[in-house]
Amino acid sequence: MDINKKVLLLAIYKKEENESFKDIVLMLENSRVFSLKEGKRLLKELKREKFLNDSGLTIKGLTKAKEIENEFKL
């Protein structure tokens, strides 16, 4: 998994309850992590790989996000 996809998955894991996936992508775009187009592509990939569904993180996504969080803590 590339670093941008990891950052996006972790941001979704840490998002506030009232934030949408689009809000997260826009926030990361404003931080110059990636472009809006790239963010949308990564979001689609995460959904296709079953890390996300329309309501949020799947169990697979939650597990991976926790792994990524621990990886970034090191």
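Everything that follows concerns the structure shown earlier in this document.
Notes on the structure in this doc start here. (Residues numbered from 1 in each chain as written. Predicted model: local features only at pLDDT ≥ 70, side-chain atom pairs only at ≥ 80, totals over all residues. Heavy atoms only, no water.)

**Describing the pattern of salt bridges**
Item 1. Evaluation of the coordinates by the stated rule reveals eight salt bridges.
Item 2. Salt-bridge contacts for Glu-49 lead to Lys-5; the nearest nitrogen and oxygen are separated by 3.0 Å. Pair noted here: Glu-49 is in the loop between helix 3 (36-48) and strand 1 (52-53) and Lys-5 is in helix 1 (residues 3-14), with a separation of 44 residues, a long-range link.
Item 3. Between Arg-41 and Glu-38 there is a salt bridge; the shortest N-O distance is 2.7 Å. One end of the pair is Arg-41 and the other is Glu-38, both in helix 3 and three residues apart, which spans about a single turn. (Salt bridge = Lys/Arg side-chain N within 4 Å of Asp/Glu carboxyl O. Helix = DSSP H or I, 4+ residues; strand = E, 2+ residues; numbered from the N terminus.)

**What about the side chain of Glu-69?**
Item 1. Take Glu-69: it is sitting in helix 4 (residues 59-73).
Item 2. Relative accessible area serves as the criterion here: at 16%, Glu-69 is assigned to the buried category.
Item 3. Once residues lying within four places of it in the same chain are set aside, the contact partners of Glu-69 are Leu-10, Tyr-13 and Lys-14. (Buried < 20%, exposed > 50% of the residue type's maximum accessible area, 1.4 Å probe, protein only. Contact = heavy atoms within 4.5 Å.)

**Focus: the packing of aromatic side chains**
Item 1. For the coordinates displayed, the defined rule picks out zero aromatic pairs.
Item 2. Positioned over the ring face of Phe-51 is Lys-60, at 4.8 Å from the centre of the ring. (Phe/Tyr/Trp six-rings, centres within 6.5 Å; stacked < 30°, edge-to-face > 60°. Lys NZ or Arg CZ within 6 Å of the ring centre and 35° of its normal.)

**Details of the packing of helix 2 (residues 21-30) against helix 3**
Item 1. Helix 3 packs onto helix 2 with a crossing angle of 135° between their chain directions and a minimal axis gap of 9 Å. Considering their axes alone, helix 2 and helix 3 lie oblique with respect to each other. Crossing angle aside, the handedness with which helix 2 passes helix 3 is right-handed. Here helix 2 contributes Phe-21, Val-25, Leu-26 and Glu-29 to the contact with helix 3, which in turn contributes Leu-36, Gly-39, Lys-40, Leu-43 and Lys-47. (Axes fitted to C-alpha atoms, helices over the stretch in contact; angles between N-to-C directions. Parallel < 35°, antiparallel > 145°, perpendicular 65-115°, else oblique. Left-handed = near helix turned anticlockwise from the far one by under 90°.)

Interpretation note: all reported values are geometric properties and have no functional meaning in isolation.
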